[in-house]
Amino acid sequence: MRHPVFSLVALPSFWLLLASLQGCSLPTRQTAVPQALTQQAEIRGLPGIRYVVRSEAMPELMAEGMDSVRKEKAYRLEQGLVVNPLPPASFLALSGGGDDGAFGAGLLSGWTKAGTRPEFKLVTGISTGALLAPFAFLGPSQDGALEEVYAHSTPEDILEPRAPWAAVTDDAMADNSPLGRLLAKHITTDILKAIAKEYAKGRLLLMATTNLDARQAVIWNMTKIAASGHPDALKLFHQIMLASAAIPGAFPPAMIDVIADGKPYQEMHVDGGAMAQVFVYPPALKLADVDKEQGFVRQRKLYVIRNARLDSDWAEVKRQTITIAGRAISSLIQTQGAGDLFRIYAITQRDGVDYNLAYIPADFKVIHARDFDPLYMGPLFRRGYDMAAKGYPWQKKPPGL
């Protein structure tokens with residue numbers, strides 16, 4: 001994922017900057033959840049809509065998965081369809097990647113053109129993948145919105161740069177209010193109703209954010225939020241999407257109000273990519289063991305769309321603090337993303353899930369002059385579209401295996 005913060009920041013004299021900012025106040029927040037109450041915190045009126053990722057078993061998420069199977073069986077019986085055995089289940093995992101999400105958007109649309117795109121039992125998204133996820137979840141009817149957002153948006157549709165001294169006086173180098181308005185245009189009450197309808201059929205849409213206070217990954221059940229009927233469901237849906245794509249330092253964090261032990265607190269949530277670039281389900285959930293315990297047999301396929309290149313991109317790095325830091329962080333993110341692909345591959349092999357991987361090909365050479373540039377995103381969308389329309393060559397293993 002590229003970090004716009006590094007292209008938005010000028011490098012003024014640090015001491016002159018500090019001198020000019022005497023008396024400036026930083027943004028305030030409500031009290032963070034105390035460490036002892038972190039696991040108890042919930043959204044008021046919306047219990048059980050999220051899962052804190054832990055290394056041990058996660059019974060709440062496991063119960064949600066089992067309930068989704070029961071809903072699916074009930075729906076299929078209602079429609080007069082076979083339930084024993086259930087048809088193969090397809091999972092889709094959408095990674096982070098900033099404006100490289102245009103690749104995933106194009107791939108999904110081209111997949112529709114090819115006529116082989118499945119209906120996904122589970123869709124997960126992080127960062128730009130979270131922005132893609134609702135459209136991917138609802139299927140080909142949303143391909144037009146995908147193209148509009150990822151092939152025709154401009155930087156002005158995504159962010160408003162702040163003054164250089166925002167690095168000291170504010171919580172981010174840019175305001176993502178334009179992105180919020182873009183989401184509000186496409187993620188509407190009707191969209192939430194459509195997502196809720198699919199939840200009743202046993203399908204799941206999950207997104208991940210990072211609780212920065214607790215330094216924990218949080219998985220949000222977006223289908224459950226959509227089906228809740230809560231008056232603030234749409235607002236929270238937008239807030240989580242913005243949080244998952246809130247690149248730390250570049251975009252403001254999402255301040256989410258919660259209650260714990262009967263008292264109000266506030267959590268700071270940022271880009272899910274701070275913890276992982278892509279996810280399917282936590283390793284603690286061992287599907288193969290669950291299937292064995294339940295006497296359940298089902299084929300599963302996983303499709304991972306990595307909205308990034310996996311080859312190293314060369315660039316002459318200027319001898320400046322911001323440029324060096326930006327290049328180093330981008331390298332760390334690329335390495336983390338590759339590690340996630342190997343981790344997920346290991347999990348799929350353990351659980352008998354068919355692994356399929358897509359990523360931006362090394363021969364895509366369009367110049368990326370600025371973040372969210374339609375002159376870059378448009379061709380990248382078209383490249384993903386063309387590859388999928390012809391029958392995408394899914395990789396069965398992460399590169400290097």
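These numbers come from a predicted model, not from an experiment.

Participant: Help me get a handle on the side chain of N356, residues and values and all.
Facilitator: For N356, the position within the fold is in strand β11 (residues 354-360). A distance of 2.7 Å separates the side chain of N356 from the side chain of K396, its partner in a polar contact. N356 has contacts with L302, Y303, V304, W394, Q395 and K396, leaving out every residue within four places of it along the chain.

Participant: Run through the nonpolar core, naming residues and quoting values.
Facilitator: Core analysis: the largest hydrophobic core is formed by 78 residues, its most contacted members being L92, F103, L107, W220, I225 and F237. When residues of this core are assigned to their parent elements, the largest contribution, 8 residues, is made by helix α5 (residues 128-138). Beyond its immediate chain neighbours, meaning those up to four positions away, L107 contacts I305, A358, G384, Y385, A388, Y392 and W394.

Participant: Talk me through the environment of Y376; I want residue IDs and the actual numbers.
Facilitator: Looking at where Y376 falls in the secondary structure, it is placed in helix α15 (residues 374-389). Residue Y376 is classed as buried on the basis of its relative accessible area of 4%. In terms of polar contacts, Y376 uses its side chain to reach the side chain of D100, at 2.6 Å.

Participant: I'd like to hear about helix α4 (residues 101-114), residue by residue, with values.
Facilitator: Over its 14 residues, α4 runs 20 Å from end to end, which matches the ideal 20 Å to within 8%, given 1.5 Å per residue. Counting buried positions along α4 yields 11 of 14 residues, so the element is predominantly enclosed. If you check which residues of α4 are buried, you get G101, A102, F103, G104, A105, G106, L107, L108, S109, G110 and W111. Positioned one or two residues after α4, G115 has a phi angle of 80 degrees, which is positive.

Participant: Which residues make up the packing of aromatic side chains, and what values go with them?
Facilitator: This model, assessed by the stated rule, comprises 8 aromatic pairs. Where Y345 meets Y355, the ring centres are 5.1 Å apart and the plane angle is 85 degrees; that geometry is what we call edge-to-face. Of the two residues, Y345 is situated in helix α14 (residues 321-351) and Y355 in strand β11; the sequence distance between them amounts to 10 residues. Accessibility classification places Y345 together with Y355 in one group, the buried group. With 5.8 Å between their ring centres and 70 degrees between their planes, F364 and Y376 make a pair best called edge-to-face. Remark: Y376 occurs in helix α15 and F364 occurs in the loop between β11 and α15; sequence separation between them is 12 residues. When its relative accessible area of 5% is taken as the criterion, F364 is described as buried. Each residue in the set W111, F120, Y303, Y392 and W394 is aromatic and connected to the rest through ring pairs, giving one cluster. Sitting over the face of the ring of Y199, K71 holds its NZ or CZ atom 3.3 Å from the ring centroid. The positively charged end of R382 is found above the aromatic ring belonging to Y385, 4.7 Å away from the centroid.

Participant: I'd love a proper account of the pattern of salt bridges, names of residues and values included.
Facilitator: Taken as a whole and judged by the stated rule, the model has 22 salt bridges. Of the charged contacts in the structure, one is a salt bridge between D213 and R29, with a shortest N-O distance of 2.9 Å. Residue D213 is found in the loop between β6 (204-211) and β7 (216-221), and its partner R29 is found in the loop between α2 (14-20) and β1 (50-52); the two are separated by 184 residues along the sequence. For the salt bridge of D351 with R350, the shortest nitrogen-to-oxygen distance reads 2.9 Å. For R350, a relative accessible area of 35% translates into the label partly exposed. Here the salt bridges share partners, and the residues they tie into one network are D67, R70 and K71.

Conventions used here
- Residues numbered from 1 in each chain as written.
- Predicted model: local features only at pLDDT ≥ 70, side-chain atom pairs only at ≥ 80, totals over all residues.
- Heavy atoms only, no water.
- Helix = DSSP H or I, 4+ residues; strand = E, 2+ residues; numbered from the N terminus.
- Polar contact = N/O pair within 3.5 Å; in protein donor to acceptor, adjacent residues only side chain to side chain.
- Contact = heavy atoms within 4.5 Å.
- Core = buried A, V, L, I, M, F, W, Y, C linked by side-chain atoms within 4.5 Å.
- Buried < 20%, exposed > 50% of the residue type's maximum accessible area, 1.4 Å probe, protein only.
- Expected span 1.5 Å × (residues − 1).
- Phe/Tyr/Trp six-rings, centres within 6.5 Å; stacked < 30°, edge-to-face > 60°.
- Lys NZ or Arg CZ within 6 Å of the ring centre and 35° of its normal.
- Salt bridge = Lys/Arg side-chain N within 4 Å of Asp/Glu carboxyl O.

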